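The lines below spell out each chain.
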Amino acid sequence: AGLSAEGLLRVCQRLRDSPKEVLEKKWAKEVLAKHDAGEGIEEDEAFSYYDFLNVMLGRKRFKVSLYMYDISDGLAERWSWLLLGHSFRGIWHTGVVVEWPEKSSEFWFGGRLFESEPGTTPFGKPLEIRPLGYTHKLRQEAWSHVAQVLSEEFTKANYDVLTHNCN
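So, how was this worked out
Here the residue numbers are simple positions, counted from 1 along each chain's written sequence. Given that the model is predicted, a residue must reach a pLDDT of at least 70 before its local features are reported, and side-chain atom pairs must reach 80 or more before they are shown or counted; all residues, however, enter totals for whole chains, interfaces and linings. The side-chain values count all of the structure's non-hydrogen atoms but skip hydrogen atoms and water molecules. Helix and strand assignments come from DSSP, with helices taken as H or I runs of at least 4 residues and strands as E runs of at least 2, each series counted from the N terminus. The reference for a compact globule is 2.2 Å times residues^0.38; the radius of gyration itself is calculated from the C-alpha atoms. To sort residues, take the accessible area from a 1.4 Å probe on protein chains only and compare it with the maximum for the residue type: under 20% means buried, over 50% means exposed, and anything in between is partly exposed. For this analysis, residues touch if any pair of their heavy atoms sits within 4.5 Å. What is meant by a nonpolar core is a set of buried Ala, Val, Leu, Ile, Met, Phe, Trp, Tyr and Cys residues, joined one to another through side-chain atoms within 4.5 Å. Any N or O atom pair separated by 3.5 Å or less is treated as a polar contact, with the protein-specific requirement of one donor-capable and one acceptor-capable atom, and with residues adjacent in sequence counted only for side-chain atom pairs. What counts as a salt bridge is simple: a side-chain nitrogen of Lys or Arg found within 4 Å of a carboxyl oxygen of Asp or Glu. Take the number of residues in a helix, subtract one, and multiply by 1.5 Å to get its expected span. Values of bend correspond, residue by residue, to the angle between axes fitted over the seven residues ending at that residue and the seven starting there. Here, patches come from residues exposed beyond 30% relative accessible area and free of salt bridges, joined within 9 Å for like charges and within 5 Å for nonpolar side chains (Val, Leu, Ile, Met, Phe, Trp, Tyr). Using a 1.4 Å probe, accessible areas were evaluated by the Shrake-Rupley method; residue-level cover was limited to the displayed protein chains.

A.B. asks: Whenever I open this one, the overall build of the protein chain confuses me. Can you help?
C.D. replies: Per the secondary structure count, the protein chain includes five helices and seven strands. Taken from N to C terminus, the helices and strands of the protein chain fall in the order β-α-α-β-α-β-α-β-β-β-β-α. Taken against the 2.2 N^0.38 rule, which gives 15 Å for 167 residues, the C-alpha radius of gyration of the protein chain at 21 Å runs more than 25% over that of a compact globule. Counting over 167 residues, the protein chain shows a buried share of 32%. Counting contacts in the protein chain only where the partners sit at least 6 residues apart, residues at least 24 apart contribute 64% of the total.

What follows is the structure, encoded as structure tokens:
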């Protein structure tokens, strides 16, 4: 599902070698130069059309992770089997972290949406950090999406501990 890194490089080589002088040819040359310098594309990466356009436009990608906090502070792991008949490692609160070069941000819900320095939320230090992938969105673009779209969905009025929470 998507274009392989090898496929992207072949497309860029064709664009570079084409006789027409178009803007895409310039972008293809930049992608190939970065690849030759050992930057950019990972060999096992697959690209959606969106990713392809971002690479061609020279946009960087940024690592995205899920920070998982046990809000029971270990009590769930110790007592859940006895009380509920199932073992739970934690009662989870989560935040999404994006690592931008100028400032990493953790986005999380706590009655409203917040942006914090990763690992400094009121929930302590994360018990687990899981990689989610990458984004090409700039910090301002991500915050704009949070403020304009997600803030209407994640409100105190919409919160339900089981069906519509921070997870």
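A.B. asks: Is there a simple way to explain the environment of G38 in this structure?
C.D. replies: Its place among the elements puts G38 in the loop between α2 (23-36) and β2 (46-47). Through-space distance from the C-alpha of G38 to that of G85 is 52 Å; in sequence the pair is 47 residues apart.

A.B. asks: What's the story with the nonpolar core in this structure? I'm lost.
C.D. replies: What tends to happen in soluble globular proteins is that the nonpolar side chains get buried as a cluster. Core analysis: the largest hydrophobic core is formed by 13 residues, its most contacted members being L8, C12, V31, I41, F47, V55 and M56. Elements with a minimum of two residues in this core: α1 (5-17), α2 and α3 (49-56). Not counting the four nearest positions on each side in its chain, I41 is found in contact with A5, L8, L9, V31, H35 and F47. With ten residues, the next largest nonpolar core counts V98, W100, F109 and A142 among its residues.

A.B. asks: What is the right way to read the environment of Y69 from this model?
C.D. replies: Positionally, Y69 belongs in strand β3 (residues 62-70). In this structure Y69 comes out as buried when scored by relative accessible area, which is 0%. When sequence neighbours within four positions are dropped, the list of residues in contact with Y69 reads I91, W92, H93, E106, G119, T121, F123, G124, K125, P126 and L127. Polar contacts involving the side chain of Y69 include one to the side chain of E106, which spans 2.8 Å.

A.B. asks: Is there a simple way to explain the pattern of salt bridges in this structure?
C.D. replies: Applying the stated criterion across every chain, the model contains seven salt bridges. Taking the shortest distance from any N to any O, the salt bridge between K26 and E30 comes out at 3.8 Å. Pair noted here: K26 and E30 are both in helix α2, with a separation of four residues, about one helical turn.

A.B. asks: What is the right way to read helix α5 (residues 139-153) from this model?
C.D. replies: Across its 15 residues, α5 extends 20 Å between first and last C-alpha, which sits within 8% of the 21 Å expected from 1.5 Å per residue. Where α5 bends most, at A147, the angle is about 35°.

A.B. asks: Explain the environment of A28 here, please?
C.D. replies: Inspection of the secondary structure assignment puts A28 in helix α2. Judged by relative accessible area, which is 0%, A28 ranks as buried. Spatially, the C-alpha atoms of A28 and L8 are 9.3 Å apart, while their sequence positions differ by 20 residues. Leave out the neighbours within four places in its chain, and A28 touches C12, L15, R16 and M56.

A.B. asks: When you look at the side chain of N54 in this model, what are you seeing that I'm missing?
C.D. replies: Relative to the helices and strands, N54 is located in helix α3. Of the polar contacts made by the side chain of N54, one reaches the backbone oxygen of Y50; its length is 2.9 Å. In this structure, N54 is in contact with R59 and H136, ignoring residues within four places of it in sequence.

A.B. asks: Where do I start with a nonpolar patch on the surface in this structure?
C.D. replies: A cluster of nonpolar side chains, namely L75, W79, L83, L84 and F88, defines an oily patch on the protein surface of about 550 Å² accessible area. Mapped onto the elements, L84 comes out in helix α4 (residues 75-84). What makes L84 exposed here is its relative accessible area of 58%.

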